[in-house]
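Observations on chain architecture
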Amino acid sequence: MKTQVHKKFSTQWIGQFGVASELTRRNYLISFGLGNMPGIDLLCQSPKGKKFSVQVKCLRSKGYFPFQDKLIEKDIPGLFVIFVYAPEKLNSPLEYFVFRQKDFRRIWQKESRGWKTKERLRGKPYKDWSNGIGYQALLTTGVKNKWSVLPG
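So, a few notes on the structure that sits alongside this text. Predicted model only: the values in this text are computed from it and were never measured.

Right, let's talk about the packing of aromatic side chains for a bit. Inspection of the entire model under this criterion finds 13 aromatic pairs. On the numbers, 5.3 Å between centres and 85° between planes, the contact of F67 with F104 is edge-to-face. Linking F67 in the loop between β4 (64–66) and α2 (70–73) with F104 in helix α3 (residues 101–122), this pair joins segments that are 37 residues apart in sequence. You can call F67 buried: its relative accessible area is 5%. Residue class for F104 comes out buried when judged on its relative accessible area of 0%. Judged by centre distance (5.1 Å) and plane angle (50°), the ring pair of F83 and F104 falls under tilted. Here F83 is found in strand β5 (residues 79–85), whereas its partner F104 is found in helix α3, with 21 residues between them in sequence. Judged by its relative accessible area of 0%, F83 is buried.

In total, this model carries 7 salt bridges according to the counting rule given. One salt bridge connects E88 with R60, and the closest N-O pair in it is separated by 3.8 Å. Of the two residues, E88 is situated in the loop between β5 and β6 (95–100) and R60 in the loop between β3 (51–59) and β4; the sequence distance between them amounts to 28 residues. Each of E22, R25 and R26 takes part in a single network of salt bridges with overlapping partners.

At N27, a position not held by glycine, the phi torsion is positive, near 70°. Notably, N145 is not glycine yet its phi reads approximately 55°, a positive angle. Inspection of the secondary structure puts N145 in the segment after α4 (135–139).

This part takes up a positive patch on the surface. On the surface, K110, R113, K116 and R120 cluster together into a patch of positive charge. In this fold, K110 is placed in helix α3. By relative accessible area, K110 is classed as exposed at 61%.

Cut-offs and rules
- Residues numbered from 1 in each chain as written.
- Predicted model: local features only at pLDDT ≥ 70, side-chain atom pairs only at ≥ 80, totals over all residues.
- Heavy atoms only, no water.
- Phe/Tyr/Trp six-rings, centres within 6.5 Å; stacked < 30°, edge-to-face > 60°.
- Helix = DSSP H or I, 4+ residues; strand = E, 2+ residues; numbered from the N terminus.
- Buried < 20%, exposed > 50% of the residue type's maximum accessible area, 1.4 Å probe, protein only.
- Salt bridge = Lys/Arg side-chain N within 4 Å of Asp/Glu carboxyl O.
- Patch = residues over 30% accessible without salt bridge, like charges linked within 9 Å, V, L, I, M, F, W, Y side chains within 5 Å.
- Areas by Shrake-Rupley, 256 points an atom, 1.4 Å probe, with all protein chains shown as cover.
- Lys, Arg positive; Asp, Glu negative; His and termini not counted.
- Charge placed at Lys NZ, Arg CZ, Asp CG, Glu CD.

Printed below as a string of structure tokens:
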């Protein structure tokens, strides 16, 4: 049990520190929320002084990234969402999927409609899961390593 808890938290730290590292390399100022700001992992300032926040979601497998409902309930100005795939294999590069929250929300709504269509064709609903998006769906968005989405 301790290994699973350790792995869960280390995965989130890999994601947050990975994103912070990439942003710092690009001359952004970063501050960690450290769990004190629900829904926000990083407070950031762009090289030109624009302030924004980031929520980071990280996985160690090419599976399903769960997220909280508030991420898709309404557009949140100044919020960005970065999904991080951190492969189990050591020294493998991290993959980043960088979204404006409002753009991610639109993509998730489209993905959600697709699942509802699949349920109708299947003839029965899938089990209730928390909201999330699959790694394969993220690959189709065109935002892999697209840091240019962030404020300049």
